[in-house]
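The lines below spell out each chain.
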Amino acid sequence: MSGRRLGLAGLVLVIVGVVLIGAGAVLASYPQTGGQGWFGGMVGGQGNGPGMMGGQGMMGGQGMMGGQGMMGGPGGNPRLDNGPQPGEQGFAAGTADAPRVIQVIAGPGYAFTPSTISVQRGETITFQVTTMGPLVHEFMVGPGDAVAADQAGSAEVADIGMMQTKSLTYTFDGSGPYAFACHVPGHYEAGMHGTITVVG
Ligand SMILES: [Cu+2]
């Protein structure tokens, strides 16, 4: 690498650093975010492909992020590695004895990630729902109309606090449409719901 290129690379790093410090200052003054930890993780993982939140990231201590990092998307978009999905190579349908695990992130705003999920007809899925951010969420799953109506008796886990993970296992033995939602007051209306498509 030539000296000129090195200089250019250094300049870019300085600019990135200044931007991140600025963003960190904004976050630190914003009580609803993780502040330093969030950006510490981002800086650590940049340039390593998967693993924005890798070793020192916000979730590093709890092991949930492992080596790959929840925020591994190149553009910084939250992306969970839930393995092969129906129709993809290597897909293995979940069964009652061995449910397929799908990780879902609730928050930090009024949203779930992912917001669309596909399952194979008859599959048993264990949803592992983790709340990011200070709001407490719930996760209800079932037929779309029942979930939209917050119907009593629907499968759900409630009171999922910040950084908590709760699991819910559900078998999709119909043709759908299915949905999932958070019915903490105001959350559904703010958009905290998603769809589950049955394939096959
Ligand atoms: Cu919620």
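Each chain carries its own residue numbering, running from 1 in the written order of its sequence. Reporting of local features is limited, given that this is a predicted model, to residues whose pLDDT is at least 70; pairs of side-chain atoms are given and counted only at 80 or more, and all residues count toward the totals for whole chains, interfaces and linings.

What about the sheet that holds strand β8 (residues 178-181)?
No. 1: Whether two strands pair comes down to DSSP finding at least two bridges between them. A run of H or I in DSSP becomes a helix once it reaches four residues, and a run of E becomes a strand once it reaches two; helices and strands are each numbered from the N terminus. Reading across the sheet, the five strands line up as β3-β9-β8-β5-β6 and stay open at both edges, with mixed pairing between neighbours. Looking at the sheet topology across the chains shown, the edges are occupied by β3 (116-120) and β6 (155-160). Direction aside, the axes of adjacent strands within the sheet are offset by 20° on average.
No. 2: Sheet topology note: the β3/strand β9 (residues 193-199) ladder contains five bridges and is parallel. Bridged to Thr-116 within β9 is Thr-195. Note on geometry: axes are lines fitted to C-alpha atoms, helical ones only across the stretch in contact, with angles between N-to-C directions running from 0 to 180 degrees.

Side note on the environment of His-193
No. 1: Relative to the helices and strands, His-193 resides in strand β9.
No. 2: By the C-beta count within 10 Å, which is 21 here, His-193 ends up buried.
No. 3: For the pair His-193 and Ala-181, spaced twelve residues apart in sequence, the C-alpha to C-alpha distance is 4.0 Å.
No. 4: In this structure, His-193 is in contact with Ala-179, Phe-180, Ala-181 and Tyr-188, ignoring residues within four places of it in sequence. With C-beta atoms placed from the backbone, a residue is buried if 20 or more other C-beta atoms are within 10 Å of its own, exposed if 12 or fewer are, and partly exposed between those counts. Contact criterion: two residues are in contact if their C-beta atoms, reconstructed from the backbone, are within 7 Å.

Focus on the sheet that holds strand β1 (residues 100-106)
No. 1: The strand order β2-β1-β4-β7 describes an open sheet built from four strands, whose pairing is mixed. Taken across any chain shown, the strands that pair with only one partner, and hence form the sheet edges, are β2 (112-113) and β7 (165-171).
No. 2: Where strand β4 (residues 124-131) lies against β7, seven bridges are found, and the strand directions are antiparallel. When the sheet's bridge partners are listed, Thr-130 is paired in β7 with Thr-165.

What to know about the confidence of the model for the protein chain
No. 1: The predicted model of the protein chain has a mean per-residue pLDDT of 74, with 60% of residues at 70 or higher.
No. 2: For every residue, the pLDDT score states the predictor's confidence, bounded by 0 at the bottom and 100 at the top. Predicted confidence for residues 6-77 stays below pLDDT 50, and this span has 77 contacts to residues more than four positions away or in other chains.

Re the environment of Gly-161
No. 1: Looking at the secondary structure, you find Gly-161 in the loop between β6 and β7.
No. 2: Spatially, the C-alpha atom of Gly-161 lies 9.0 Å from that of Glu-138, the residues being 23 residues apart in sequence.
No. 3: Sequence-distant contacts of Gly-161, defined by excluding residues within four places in its chain, comprise Thr-131 and Val-136.

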